[in-house]
Amino acid sequence: MPLQDGDEGNVCLESVEKSCLEEGLTTLRNTEENQNERVIGSFTETNKDPADMEVNGSLKQTSKLSNRDHAVNIITVALPIMISELFQNTMPVVDIAFVGNLPNKEDLAAAALATVWFNLWNTTMMGFMTAIDTLLSQSFGGGELQSFAMWTATSMVIVLIVTTVLIVPIVAAVKPFMILFGQDHELSSEAGQFSYRLLLGLPPLYAFKLLTKYLQTQNILAPSIYIGILSNGVNV
């Protein structure tokens, strides 16, 4: 049966609509596939092993460290720090040893009493300064060198203020505290005389401690050892 003009127009319209629908579905399907590929690529890039990522234009090829490698790395860092601390703590021992050679043994008792009092507050100050380790390691490890310098300078100011305002007066007050704790008056007075000779060294001591932390954060470990050897040689 021949188609009328109206029927032919309807057939053409249906064909155009069908063609447009197919093109739309194809475009939508392609868009979804592209989005899926981008998501997968982003996930793969995000979870890529940092050892395989490109750093400064070169691809770092590293393998997993064994337990032995970890132990060697830890010892390599810890050993110089242990030696540095050893040299710093031998100085009071040398002082006590020299005082022990004096004829009057009460001098040895006074020096030992003053050293115990000093170590009490020195340990407290060391605990106070542990916050510096966290701040310096976080800023330097994160590559924030401006913050690293700022924390170093701020910590130096705070440490010197606390040392001058708090630690020095307390260390100098060993005599009244020892009397309060029931020690002999003459022995407490001798301990006070020994403590007075420690006061001038307190600000440089804690400044040295802070600068040591500053260098150790950057994995620079040798200077504190050299200074420990030199200071013990001068002390002897």
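Residues numbered from 1 in each chain as written. Predicted model: local features only at pLDDT ≥ 70, side-chain atom pairs only at ≥ 80, totals over all residues. Heavy atoms only, no water.

**Quick word on the confidence of the model for the protein**
Operational definition: pLDDT expresses how confident the predictor is about each individual residue, on a scale running from 0 to 100. The helix count covers DSSP runs of H or I at least four residues long, the strand count covers runs of E at least two residues long, and both are numbered beginning at the N terminus. Residues count as neighbours in contact if any of their non-hydrogen atoms are within 4.5 Å of one another.
In this model, the protein carries a mean pLDDT of 80, and residues with pLDDT of at least 70 account for 73%. Within the protein, strand β2 (residues 58–59) has the poorest average pLDDT of any element, 40, and helix α4 (residues 145–172) the best, 93. Predicted confidence is poor over residues 1–13, with pLDDT under 50, and the contacts of this stretch with residues over four places away or in other chains come to one contact. Confidence drops under a pLDDT of 50 for residues 49–62, and excluding neighbours within four residues, the segment shows 13 contacts in the predicted structure.

**Details of the layout of surface pockets**
Selection rule: The pocket and cavity definitions rest on a 1 Å grid over protein atoms only: a 1.4 Å probe that fits but cannot leave marks a cavity, an open set with protein on both sides within 12 Å along at least five of seven lines marks a pocket, and residues lining either have an atom within 4 Å of a point. Grid points are joined across faces, edges and corners, and a volume is the space filled by probe spheres set on the points. Ten residue types, Ala, Val, Leu, Ile, Met, Phe, Trp, Tyr, Cys and Pro, are classed as nonpolar, four, Asp, Glu, Lys and Arg, as charged, and the remainder, Gly among them, as polar.
In this structure, the largest pocket spans a volume of roughly 690 Å³. Lining the largest pocket are 24 residues, and of these Gln88, Met91, Phe118, Gly201 and Leu205 lie nearest its centre. Secondary structure elements with two or more residues in the lining of the largest pocket: α2 (67–100), α3 (105–141), α7 (202–217) and α8 (222–235). It is α2 that provides the largest number of residues to the lining of the largest pocket, a total of six residues. Across the lining of the largest pocket, the residue classes tally to eleven nonpolar, nine polar and four charged. A volume near 160 Å³ is recorded for the second largest pocket. Around the second largest pocket, the lining residues are Val99, Leu102, Asp107, Ala110, Ala111, Glu190, Gln193, Phe194 and Arg197. Classifying every residue of the lining of the second largest pocket gives five nonpolar, one polar and three charged.

**So, the packing of α3 against α7**
Going by this rule: Where helices are involved, their axes are fitted lines through C-alpha atoms of the stretch in contact, as for all axes, and angles between N-to-C directions lie from 0 to 180°. The cut-offs work like this: below 35 degrees is roughly parallel, past 145 is roughly antiparallel, 65 to 115 is roughly perpendicular, and the gaps in between are oblique. Crossing handedness follows the turn of the near helix against the far one: under a right angle anticlockwise gives a left-handed crossing, and clockwise gives a right-handed one.
Contact pair α3 / α7: the axes reach a minimum separation of 10 Å and the direction vectors enclose 30°. Considering the angle they form, α3 stands roughly parallel to α7. In this structure, α3 meets α7 at a crossing whose hand is right-handed. Taking contact as the criterion, the partners of Phe118, Trp121, Asn122, Met125, Met126, Met129, Ile132, Asp133, Leu136, Ser137 and Phe140 in α3 are, on α7, Leu202, Leu205, Tyr206, Lys209, Leu210, Lys213, Tyr214 and Thr217.

**Describing the nonpolar core**
For the record, the criterion: For the purposes of this section, nonpolar cores are sets of buried Ala, Val, Leu, Ile, Met, Phe, Trp, Tyr and Cys residues that join through side-chain atoms within 4.5 Å. Relative accessibility under 20% of the residue-type maximum defines a buried residue, over 50% an exposed one, and the middle range a partly exposed one, all with a 1.4 Å probe and only protein chains included.
Grouped together as the largest cluster of nonpolar side chains are 18 residues, with contacts concentrated most on Met125, Met129, Val159, Leu202 and Tyr206. Elements that contribute at least two residues to this core include exactly α3, α4 and α7. Residues Ala110, Trp117, Val174 and Phe194 belong to the second largest nonpolar core, which totals twelve residues.

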